[in-house]
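# Close look at the chain arrangement
Okay, here's what each chain looks like letter by letter:
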Amino acid sequence: YVRRQWLQRAGTRSEPVANLAQDFRGATGLPPVVNDEPLVRDFLEHLLVQAADPSAYREWIEEDYLKEVFAETKILWGVGDAAAWSGRLDPGRLQALKDRVEIVFRPRNPEFFAADAEIALEAALKNVPRLTVKVFDLDAAAYYRERGGEIDAGIELDGLVANHEQTLDYPNLPPARRHLERFTFPQLKQPGVYVIELVGNGVSSRALVRKGRLRFMQRPGAAGHLFTVFDDAGRRLSDITLWMAGQSYRSDADGAVTVPFSTREGGGNQSLVLQQGRLACLAAFNHEAERYELRLGAILDRESLL
């Protein structure tokens, strides 16, 4: 999509060039970009919706690519005369645009919600005359104990029945028209981890939503590590269960959880599951080995050493 003349000019200057194949997983956990075209197209669609023409980007973008994205953007968002914009695309491209099915959660959707907040998500739909919305309430604590890893949107849900399900119809929208919809879930009042799945016209898309979070602080005590747990608003919590390496530890009357020191020499990093009621979070800490030491510093008259 990049204009060749611009690449040639950029190659003669001392400007840094991004290497899209570079792997940063060691430092950031992020894989190589490889192909940035979908991101560029998404930005252009956002910028060109209300633009009279795409000339502002001709210095960097190939003319044919820019014209194609411009016409598709107008068709997708229903701006101007659809027939006129359709005439700017070849028949095969136009038909592919009409046939394409989109169910895409918007990037602005939060991944975390406060424990008392209402869950609301935005999604862009296209060529979806009937949409099924499914909500799965996950037992996060059981998953963490069994798998020892974080939950993601690819979690296996086959055989599970949705806790909530509804069907929405959009009968009067052309198949080439993209539209934004906002979905609210007032029934999800309790904190927890949920998968929200949108299914329509052979396509499905998922969002993993966490409502409420647990945080902790720990310090060494005489009997082991002392954990204090807080909610997402910073309030200290009681009635906490901490699970680690097959053992459960309950909080005391003050809300503190005591975990004995490690029996391994040197200790090491250890995963744990924090839980209060139905809310559970996966965490890790440095599990210290049990070690005793006595030091004395003294200032005294040498004669008293006799």
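Structure report, in brief. This structure is a prediction, so every number in the text was calculated from the model and none was measured. (Residues numbered from 1 in each chain as written. Predicted model: local features only at pLDDT ≥ 70, side-chain atom pairs only at ≥ 80, totals over all residues. Heavy atoms only, no water.)

Quick look at the sheet that holds strand E3 (residues 119–126) now. Read from one edge of the open sheet, three strands run E1-E3-E6, paired in antiparallel fashion. Edge positions in the open sheet fall to strand E1 (102–105) and strand E6 (178–185), since each of these has one partner strand only. With direction set aside, neighbouring strand axes in the sheet form an average angle of 25°. Of the strand pairs in this sheet, E1 and E3 are connected by four bridges, and their pairing is antiparallel. When the sheet's bridge partners are listed, Glu 102 is paired in E3 with Lys 126. (Pairing = 2+ DSSP bridges. Helix = DSSP H or I, 4+ residues; strand = E, 2+ residues; numbered from the N terminus. Axes fitted to C-alpha atoms, helices over the stretch in contact; angles between N-to-C directions.)

Right, let's talk about the packing of aromatic side chains for a bit. For the structure on display, the rule yields five aromatic pairs. Pairing Tyr 1 with Tyr 65 gives two aromatic rings, centres 5.8 Å apart and planes at 40°, and the pair type is tilted. Of this pair, Tyr 1 sits in the segment before helix H1 (4–11) while Tyr 65 sits in helix H3 (residues 63–76), and the two are 64 residues apart along the sequence. On the basis of relative accessibility, which here comes to 29%, the residue Tyr 1 falls in the partly exposed class. In this structure Tyr 65 comes out as buried when scored by relative accessible area, which is 13%. Centre to centre, the rings of Tyr 143 and Tyr 144 are 6.4 Å apart; their planes meet at 80°, and the pair counts as edge-to-face. Exposure class is identical for Tyr 143 and Tyr 144. Each is buried. Arg 213 extends its terminal NZ or CZ atom over the ring of Phe 112, reaching a point 4.0 Å from the ring centre. (Phe/Tyr/Trp six-rings, centres within 6.5 Å; stacked < 30°, edge-to-face > 60°. Buried < 20%, exposed > 50% of the residue type's maximum accessible area, 1.4 Å probe, protein only. Lys NZ or Arg CZ within 6 Å of the ring centre and 35° of its normal.)

The next point concerns the nonpolar core. The biggest cluster of nonpolar side chains holds 20 residues, and the ones touching the most others in it are Ile 119, Leu 121, Leu 131, Phe 183, Phe 185, Ile 196 and Leu 198. When residues of this core are traced back to their parent elements, those giving at least two are E1, E3, strand E4 (130–138), E6, strand E7 (192–200) and strand E8 (203–211). No other element matches the four residues that E3 contributes to this core. For Ile 196, the residues in contact, after removing those within four places along its chain, are Phe 105, Ile 119, Leu 121, Val 133, Lys 134, Val 135, Phe 185, Ser 205, Arg 206, Ala 207 and Val 209. (Core = buried A, V, L, I, M, F, W, Y, C linked by side-chain atoms within 4.5 Å. Contact = heavy atoms within 4.5 Å.)

Take the environment of Ser 204 next. Within the secondary structure layout, Ser 204 lies in strand E8. With a relative accessible area of 45%, Ser 204 lands in the partly exposed category. Between the C-alpha atom of Ser 204 and that of Gly 255, which follows or precedes it by 51 residues, the distance is 43 Å. Those residues in contact with Ser 204 that sit more than four places away from it in its chain are Glu 197, Leu 198 and Val 199.

The next subject is the pattern of salt bridges. A full pass over the atoms with the stated rule returns 20 salt bridges. In this structure, Glu 122 engages Arg 108 in a salt bridge whose closest nitrogen and oxygen atoms are separated by 3.8 Å. With a gap of 14 residues between them, Glu 122 in strand E3 and Arg 108 in the loop between E1 and strand E2 (112–113) connect regions that are remote in the sequence. Overall, the relative accessible area of 22% leaves Glu 122 in the partly exposed class. Three or more residues joined by partner-sharing salt bridges are found here, namely Glu 37, Arg 41, Glu 68, Glu 72 and Arg 93. (Salt bridge = Lys/Arg side-chain N within 4 Å of Asp/Glu carboxyl O.)

On to the packing of helix H2 (residues 37–48) against H3, then. Any two packed helices are characterised by how steeply their axes cross, that is the angle between the axes, and by the distance between the axes. Where H2 meets H3, the closest approach of the two axes is 9 Å, and the angle between their N-to-C directions is 60°. Comparing the axis directions of H2 and H3 gives the class oblique. At the point where H2 passes H3, the crossing takes the right-handed sense. Facing Glu 37, Arg 41, Leu 44, Glu 45 and Leu 48 of H2, the residues of H3 in contact are Tyr 65, Leu 66, Glu 68, Val 69, Phe 70, Glu 72, Thr 73, Lys 74 and Leu 76. Looking at the contact of H2 with H3 residue by residue, the class counts come to seven nonpolar, one polar and six charged. (Parallel < 35°, antiparallel > 145°, perpendicular 65-115°, else oblique. Left-handed = near helix turned anticlockwise from the far one by under 90°. Nonpolar A, V, L, I, M, F, W, Y, C, P; charged D, E, K, R; others polar.)

Right, let's talk about the sheet that holds E2 for a bit. The sheet built from five strands is open, its strands ordered E2-E8-E7-E4-E5 with mixed pairing. The two strands at the open ends of the sheet, each matched to only one other strand, are E2 and strand E5 (164–169). Note that E4 and E5 share six bridges and pair antiparallel. When the sheet's bridge partners are listed, Thr 132 is paired in E5 with Thr 167.

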